[in-house]
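Here are the chains, one letter per residue:
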Amino acid sequence: MPTDRLQKIIARAGITSRRRAEELIADGRVRVNGALATLGESADPERDRIEVDGRPISSAAPAVHIAVYKPRGFLSSARDERGRRSVLSLVDTGGQRLWPAGRLDVESEGLMLLTNDGEWANRVLHPRYENDREYAALVSPPPGGAAVRRLLNGVALEDGSARLLSARRAAPPREVERERVEAGEWLRVRIGEGRKREVRRLFAAVDCRVERLVRTRFGALTLAGLHEGEWRRLRPREVKALGDRS
């Protein structure tokens, strides 16, 4: 097997994401053939002994790709100091260590991707693959025409300009359980990237509050067939559509 960057080898082995692997290397927690690893170093996983926190890694773990419908109140991360439940607690991981390819804030719900395939996750999230996100948003008060035009043209947020790619008035898909009393109006909105709380901040910029936010689509993948708290493994063609395109 040819040599490759250490962070890619570690991610491919299912230990953590490539970005987190870089942090492990910088923190001195990775060794190659007994010597401390350095950022940018390459190795051959078939010939070199690579250790993370003193434990050797295998060259690759079976790739796992999962879709899950995250309920409100569940964290996207693996653990929380306050003891709140993680979306990972909903999934039978088969003993594999998984992490999210794109997060949702604790009060948001809907489609999430979990994987141990760091390279695939990086491709899924990279703008080149154009995996836009669609949300069902219950917004109060409903935005008027001028506000919607502002959101489509772009508004200034603290981390730069952002905009909706599209917005239309429409009920959420049938997989979304409705509440008896709902404040506001449902919209279907689409964004091209996944900045932290981006949809909520966009509507706040036009004096509207997102009362409920459900991710209904990620790239070509939708919530279809999944209800709150349910999960399934992705089919090979879905894995390819999201992150294996040339």
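Definitions and limits used
Residues numbered from 1 in each chain as written. Predicted model: local features only at pLDDT ≥ 70, side-chain atom pairs only at ≥ 80, totals over all residues. Heavy atoms only, no water. Helix = DSSP H or I, 4+ residues; strand = E, 2+ residues; numbered from the N terminus. Buried < 20%, exposed > 50% of the residue type's maximum accessible area, 1.4 Å probe, protein only. Contact = heavy atoms within 4.5 Å. Areas by Shrake-Rupley, 256 points an atom, 1.4 Å probe, with all protein chains shown as cover. Axes fitted to C-alpha atoms, helices over the stretch in contact; angles between N-to-C directions. Parallel < 35°, antiparallel > 145°, perpendicular 65-115°, else oblique. Nonpolar A, V, L, I, M, F, W, Y, C, P; charged D, E, K, R; others polar. Salt bridge = Lys/Arg side-chain N within 4 Å of Asp/Glu carboxyl O. Core = buried A, V, L, I, M, F, W, Y, C linked by side-chain atoms within 4.5 Å. Pairing = 2+ DSSP bridges.

Undergrad: Help me understand the overall build of the protein chain in this model?
TA: Each helix and strand in the protein chain was counted, giving six helices and 17 strands. Principal-axis analysis of the C-alpha atoms places the extent of the protein chain at approximately 65 × 40 × 35 Å. Counting only residues that meet the buried cut, the protein chain has 47% of its 246 residues in that class. Contacts in the protein chain between residues at least 24 apart in sequence constitute 67% of all its contacts with a sequence separation of at least 6. Working note: accessible area of the protein chain is about 12,900 Å², and carbon and sulfur atoms make up 45% of it.

Undergrad: Looking at this structure, how should I read the packing of helix 3 (residues 118–125) against helix 6 (residues 236–243)?
TA: Angle between the axes and distance between the axes: these two values describe a pair of packed helices. Between helix 3 and helix 6, whose axes approach to 8 Å, the crossing angle comes to 55°. With respect to each other, helix 3 and helix 6 are oriented oblique. Contact residues: helix 3 offers Trp 120, Arg 123 and Val 124, while helix 6 offers Val 239, Leu 242 and Gly 243. The class makeup of the residues in the contact of helix 3 with helix 6 is four nonpolar, one polar and one charged.

Undergrad: Before we go on, may I ask you to explain the pattern of salt bridges in this structure?
TA: Where charged atoms from two side chains of opposite charge come close, those side chains can pair. Tallying each qualifying case throughout the model produces 22 salt bridges. Across the pair Arg 200 and Asp 105 runs a salt bridge, and its minimum N-O distance is 3.2 Å. With Arg 200 in helix 5 (residues 198–205) and Asp 105 in the loop between strand 8 (99–100) and strand 9 (109–115), the pair connects residues that are 95 residues apart, well separated along the chain. Taking the relative accessible area as the measure of exposure, Asp 105 reaches 17% and is therefore buried. For Glu 185, the salt bridge goes to Arg 169, with nearest N and O atoms at 3.0 Å. Of the two residues, Glu 185 sits in strand 14 (residues 185–191) while Arg 169 sits in strand 13 (residues 166–169), which places them 16 residues apart along the sequence. Within the structure, one salt-bridge network assembled from shared partners comprises Asp 132, Glu 134, Arg 188, Arg 190 and Arg 217.

Undergrad: What is the right way to read the nonpolar core from this model?
TA: Within soluble globular proteins, side chains that are nonpolar generally end up buried alongside one another. The biggest cluster of nonpolar side chains holds 31 residues, and the ones touching the most others in it are Leu 114 and Phe 203. Counting only elements with at least two residues in this core, the list comes to strand 7 (65–70), strand 9, strand 10 (133–140), helix 4 (145–153), strand 11 (155–157), strand 14, helix 5 and strand 15 (209–218). Of all hydrophobic cores here, the second largest spans 21 residues; its members include Ala 67, Leu 111, Val 176 and Trp 186.

Undergrad: Just to check I follow, could you spell out the sheet that holds strand 3 (residues 35–36) for this structure?
TA: To summarise the sheet geometry, strands pair through backbone hydrogen bonds and adopt either a parallel or an antiparallel arrangement. With respect to topology, four strands assemble into an open sheet ordered 3-2-5-6, the strand pairing being antiparallel. At either end of the open sheet lies a strand with only one pairing partner, and these are strand 3 and strand 6 (55–56). Pairing between strand 5 (residues 50–52) and strand 6: two bridges, direction antiparallel. Residue pairing for strand 6: Glu 51 is matched across the bridge by Pro 56.

Undergrad: Would you take a moment to explain helix 5 for this structure?
TA: Spacing of three or four residues puts side chains on the same side of an α-helix, whose turn is 3.6 residues. Judged by how many residues are buried, helix 5 sits mostly within the fold: six of eight residues are covered. Along helix 5, the residues that are buried comprise Glu 198, Val 199, Arg 200, Arg 201, Leu 202 and Phe 203. Positive backbone phi, at 65°, marks Asp 207, one or two positions downstream of helix 5.

Undergrad: Would you explain the pairing of strand 15 in this entry?
TA: The side chains of a regular strand alternate between the sheet's two faces. Taken across its ten residues, strand 15 has eight buried, putting it largely inside the fold. Relative to strand 15, strand 9 runs parallel, the two sharing two bridges. Each bridged residue has a counterpart across the sheet, and for Gly 110 the counterpart in strand 15 is Arg 215. Bridge analysis of strand 10 against strand 15 gives eight bridges, and the strand direction is antiparallel. Residue pairing across strands places Ser 140 opposite Arg 209, the latter belonging to strand 15. In the sheet, strand 15 pairs with strand 16 (residues 221–222) via two bridges, with the strands oriented antiparallel.

Undergrad: Would you mind showing me how to read the environment of Asp 27 here?
TA: Along the chain, Asp 27 turns up in the loop between helix 2 (18–26) and strand 2 (30–32). In sequence terms Asp 27 and Ala 37 are ten residues apart; their C-alpha atoms lie 9.7 Å from each other.

So far we have only geometry, and geometry alone does not tell us how the molecule works.
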